[in-house]
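# A closer look at the structure
Each chain, written out:
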Amino acid sequence: MQKTVYLLFVLELFILSVDARVIHFPQMKARSTSVISIDSVELRKDLTRFYFNFKGLPNQWTVVDRSLTLSDPSSGKEWEAIEADGIDLGRKFQFSELGVAKVSVDFPALPDDVKIVDIFEKIQKKPIRLIDIQLESGNKVLSVPQYPIKREKNREQDYRKILRVDTAVLRGYIRGYHPRLKWGEGVIVLDNVVTTEVQNIPVKFNDDGSFEVKMELYYPVQQVLLLPDGYINFYLEPGKELVVYADMDELTRPVLNLEEIESKARYLNYSGELGQENNELKCYRNFDLFDVQQYAEDMRSLSPDSFDMKEKWNLQKKLQNIEKLEKENLLSCKISHLLKMNVWYVYGRHMLDYEQYYTANKGRCLPDSFYTFLGTLPRHDELSLSAADYKLFIHYLEHILPIREKMSWTVNDFLSDFSQYGIELNPEEKELVSCALRMKTPSDTLSIQNFSYKMDKFNRKYKDLQILMRENAVLRKQRQVYINQFGLTPDIQTDLFITRRFMMRLQSLGRPLTSQELCSETENISNVFLKDIVYQKNFSFQK
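The sections below set out a description of the structure shown in this document. This is a predicted model, so every value here is computed, not measured.

## Some points on the overall build of the protein
When helices and strands are counted, the protein shows 16 helices and 20 strands. Computed over C-alpha atoms, the radius of gyration of the protein comes to 32 Å, more than 25% over the 24 Å expected from 2.2 N^0.38 for 543 residues, which places it beyond the range of a compact globule. Taken along the three principal axes of its C-alpha coordinates, the protein extends 120 × 65 × 50 Å. Within the protein, the fraction of its 543 residues that count as buried is 48%.

## Comments concerning the pattern of salt bridges
Counting across every chain of the model gives 32 salt bridges. Between Glu-323 and Lys-340 there is a salt bridge whose closest N-O contact spans 4.0 Å. A residue pair is termed long-range when its members are at least 10 positions apart, and Glu-323 in helix 6 (residues 304-327) and Lys-340 in helix 7 (residues 333-362) qualify at 17 residues. The class of Glu-323 is partly exposed, set by a relative accessible area of 37%. In this structure, Lys-461 and Glu-429 form a salt bridge, with 3.1 Å as the shortest nitrogen-oxygen distance. Of this pair, Lys-461 sits in helix 12 (residues 451-461) while Glu-429 sits in helix 11 (residues 427-438), placing them 32 residues apart in sequence. Overall, Glu-429 belongs to the buried group, its relative accessible area being 11%. Because the salt bridges share partners, they merge into one network encompassing Lys-29, Asp-118, Asp-132 and Arg-180.

About the cut-offs
- Residues numbered from 1 in each chain as written.
- Predicted model: local features only at pLDDT ≥ 70, side-chain atom pairs only at ≥ 80, totals over all residues.
- Heavy atoms only, no water.
- Helix = DSSP H or I, 4+ residues; strand = E, 2+ residues; numbered from the N terminus.
- Rg over C-alpha atoms; globule rule 2.2 N^0.38 Å.
- Buried < 20%, exposed > 50% of the residue type's maximum accessible area, 1.4 Å probe, protein only.
- Salt bridge = Lys/Arg side-chain N within 4 Å of Asp/Glu carboxyl O.

This is the structure we're talking about:
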């Protein structure tokens, strides 16, 4: 009897194996994450079984939702998962020390005419999606879009024309993209250190994974295309085009540090007019890693002199590495120049980071000698605007404590500013201003009847002029600290102070400046490009 039962069991297994059709390593067009891959598919009369390999970070957790569904994209029919082996659907499971997990999931049997299927989770946040899984042989090879590439006759010829307004184009292709992944859009957050404008530029993907975006640039930029998963660094110049090729699996790969997304990307490649420059920058970034924890510890524990000494040592070490790579022909002169600007303004930004931390937490000012590092920076180099950390640097520089300290504005200063614009206040207005500037308590205004009413009337009458006077006072303070207190000569940074304050002034006034106001505004701007931008923005301003 036992022999008969055993033979029937073996016979049943044999019949099932004959009826089952197994597809090893089935091809698919796209997947939302590289964590999951398909080892094989077993097509049987009673069920459909998928064997998955999960590969993540060692000992980390993940979950496969109970809503895991198999679908036929041509008909729209769906089949929900029945059960899983190796995990429990809807419950967290942990990767092994090797970062792998083998899982099988059973679905209902599929009709014979279903040749292509999708698998997806019905959840909102980062669902698993596997698109166009081939259940038969004869898979098509996907083609990659090829873009016409403009090449420069002389790569070094015009790169020193740094400051100019022109349209730049970024094109690209994401291998492994599919619209049914419902991946979403990318975005480029474009900061303009000249105009202080910040643009969020959406990047939409075509069905084949290609994309194109145009942007107006004032100078070369090092920017990031932020994607629903991962990112792509790029360098772009006004009037130039860049083509980038990336891979969906590499973008969605689990990593411990964000830098690993790029450093482990083997398919990521750049071509076009700026392809060589971008590939050089990528190679340099892969070994120029930054220890954030050590930096934070240095800021907390080191004295101003010790912090400065360590940052200078790091600066010199990086400059020497760049020069060595250039001599070995691993970096072009152009990118060597840009990287030097990067490391100089990382140093500058770190010093201003420390200044903000120290003054906020120690409750006292740093000596003027601390700010001598400003004199060592390449302040007259227009390419400094393209440095990766320049936006933060110039913002911090505009708000260092010596500039933030309360400005003393005497009655004579106030009346002199009015006279500068051809306005002589009458005796009553002078008395009102004198009382307002010298007031320490509300009782100090009792000598003037209806003081609040008269002051409000005065402020409405001279609103625009007082905005201009305030902005000029801020600029005077910046120049006084920068030139007189620190002993620095005027440079592109002092020109930027004026240009950036002008942009804020336009918004505050809500109108273009008059010819007289504009002449007063631009008389201290020596950079021709920045002066032209001020005139153009004033002429084209619309509220």
